[in-house]
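# Chains, contacts and geometry: an overview
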Amino acid sequence: MKAIGIGGRSRAEALADLQVMTAGVEPIGVGEYEARLRRLQSLMREAGVAAVYLHAGTNLRYFTGLAWPASERLVGALVPAQGALQYLAPAFEQGTLRDYWLLPGELRLWEEHESPYALLAGVLGEMGVGPGATVGLSEDCPFFVADGLRQAAPALQWINARPMTAACRMRKSAAELALMQRAHDMTMAVHRAAASILHEGITTTEVAAFLDEAHRRVGAPGSYFKIVLFGVASSFPHGVKEPQTLREGDMVLIDTGCLVEGYMSDITRSYVFGTPTARQREIWNLEQAAQAAAFEAAQLGRACQEVDRAARRVLEAAGLGPGYRLPGLPHRTGHGCGLDIHEWPYMVEGDLTPLDVGMCFSNEPMIVCPGEFGVRHEDHMFMSAEGPRWFTPPMKSLDDPFGLG
């Protein structure tokens, strides 16, 4: 007996039922980017930091709205503790950068034969940032950039700006939550569609291709990532090299997500294709209980590590673990999410960050049974003023995982 909603439909039928789900999506507005910069500058002044360099990537996008991929060329923005934003970029990119930016600022350019590090050091000097001053680098700044800046301005104190940037990014605004909610709604529709096309003999490669097409049907550029595992391969949290072919009785693990205006979804579903064994049912139910315990532990003001501890208590009481030992939970219970698929805070032992309104994170206390299978229920949560809330409803039961019955 197959679980409700698992198998029985053709690929074409499943795709035909999917509709574009991006109507009414509102990108982050200019006013919010300006408020983010003001918040960052306030934190910088509190910390005695004279300036922060935001390298191309998600920190640059979060604070300025400029989506620019990192490369070997220095592209970024310099934020003074007081004063106006300044961009740094290769001279030949100035037209493209102006086309993409949302917050205009002075644009400082370097030619290909020139040192962008010397340019940035000179701009800091013009800002009045002198010897002994502290300058932050965004956490995603590559070593070669940090090294180049230290050599260009050795009298400055270069630090990781993470305490300031993360303090801003960890707490999502209503606009961010809305984008993440839409992304999760879209991926949930894709998950249901993917489960419906399973049949004996289908390969993980075929399912992965379907995930891409299904995400495009609901309005995403495709899958931002995808992990599809059958049988024993499901006991490897992030997959194996070789594709698998689906057989009766296999555990199925599908982990995928998409982007909406740069914001992530990330959902994992595990279920059995065919009739579950007693062992599969036992572990699936334990995973459900551990996820529920983690949710209940996620209360405002409580340290993030308590969420991880709550999930592990459920598993250890059932004889799994302890700690990271297998069979059991081999990794943290959850990770923050937003513009990056893994960001602060982390639901792991040692993370003492108090849970606060606007924080978003995964709840995925995976159970790995080596040589048998793995089960991961992954849904994301956010902290409201009233406590934890799900972006997507957790799995209902092994016999009706999507709650269709």
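Residues numbered from 1 in each chain as written. Predicted model: local features only at pLDDT ≥ 70, side-chain atom pairs only at ≥ 80, totals over all residues. Heavy atoms only, no water.

The N-to-C vectors of helix α5 (residues 116–126) and helix α6 (residues 143–152) enclose an angle of 60°; their axes lie 8 Å apart at closest approach. Classified by the angle their axes make, α5 and α6 are oblique. As for how α5 packs across α6, the hand of that crossing is right-handed. Here α5 contributes Y117, A118, L120 and A121 to the contact with α6, which in turn contributes F144, V145, G148, L149 and A152. Grouping the constituent residues of the contact of α5 with α6 by class yields eight nonpolar, one polar and no charged. (Axes fitted to C-alpha atoms, helices over the stretch in contact; angles between N-to-C directions. Helix = DSSP H or I, 4+ residues; strand = E, 2+ residues; numbered from the N terminus. Parallel < 35°, antiparallel > 145°, perpendicular 65-115°, else oblique. Left-handed = near helix turned anticlockwise from the far one by under 90°. Contact = heavy atoms within 4.5 Å. Nonpolar A, V, L, I, M, F, W, Y, C, P; charged D, E, K, R; others polar.)

Judged by nonpolar contacts, the single largest core of 109 residues is most densely connected at Y87, L97, L198, Y271 and L355. Every residue in contact with Y87, bar those within four places of it in the chain, is listed here: T64, L66, G76, A77, L97, W101, L103, P104, G105, E106, L107 and R108. (Core = buried A, V, L, I, M, F, W, Y, C linked by side-chain atoms within 4.5 Å. Buried < 20%, exposed > 50% of the residue type's maximum accessible area, 1.4 Å probe, protein only.)

Take the sheet that holds strand β11 (residues 267–273) next. Spatially, three strands are ordered β7-β8-β11 in an open sheet, and the strand pairing comes out antiparallel. Of all the strands in the sheet, the pair left with one neighbour each is β7 (225–230) and β11. Taking the axes of each pair of neighbouring strands and ignoring which way they run, one obtains an average angle of 10° across the sheet. In terms of strand pairing, strand β8 (residues 250–257) meets β11 through seven bridges, oriented antiparallel. Its bridge partner being in β11, V252 is matched across the sheet by Y271. Sheet strands in contact with helix α9 (residues 204–217) are β7 and β8, and its direction is about 145° off that of β7. (Pairing = 2+ DSSP bridges.)

Our next topic: the pattern of salt bridges. For the structure shown, the criterion picks out 25 salt bridges. Between E139 and R162 there is a salt bridge, with the nearest N and O atoms lying 4.0 Å from each other. A residue pair is termed long-range when its members are at least 10 positions apart, and E139 in the loop between β5 (134–137) and α6 and R162 in helix α7 (residues 162–169) qualify at 23 residues. Each member of the salt-bridge network shares a partner with another, and the members are R169, K172, D340 and E343. (Salt bridge = Lys/Arg side-chain N within 4 Å of Asp/Glu carboxyl O.)

Because an α-helix packs 3.6 residues into every turn, residues spaced three or four apart end up facing the same way. The terminal C-alpha atoms of helix α11 (residues 305–317), which comprises 13 residues, lie 18 Å apart, in line with the 18 Å expected from a rise of 1.5 Å per residue. Along α11, the positions that sit buried rather than exposed are Q305, V307, D308, A310, A311, R312 and L315. The secondary structure elements touched by the buried residues of α11 are α10 (278–297), β13 (343–347) and β15 (367–369). Just downstream of α11, G319 is the residue with a positive phi angle, here 95°. (Expected span 1.5 Å × (residues − 1).)

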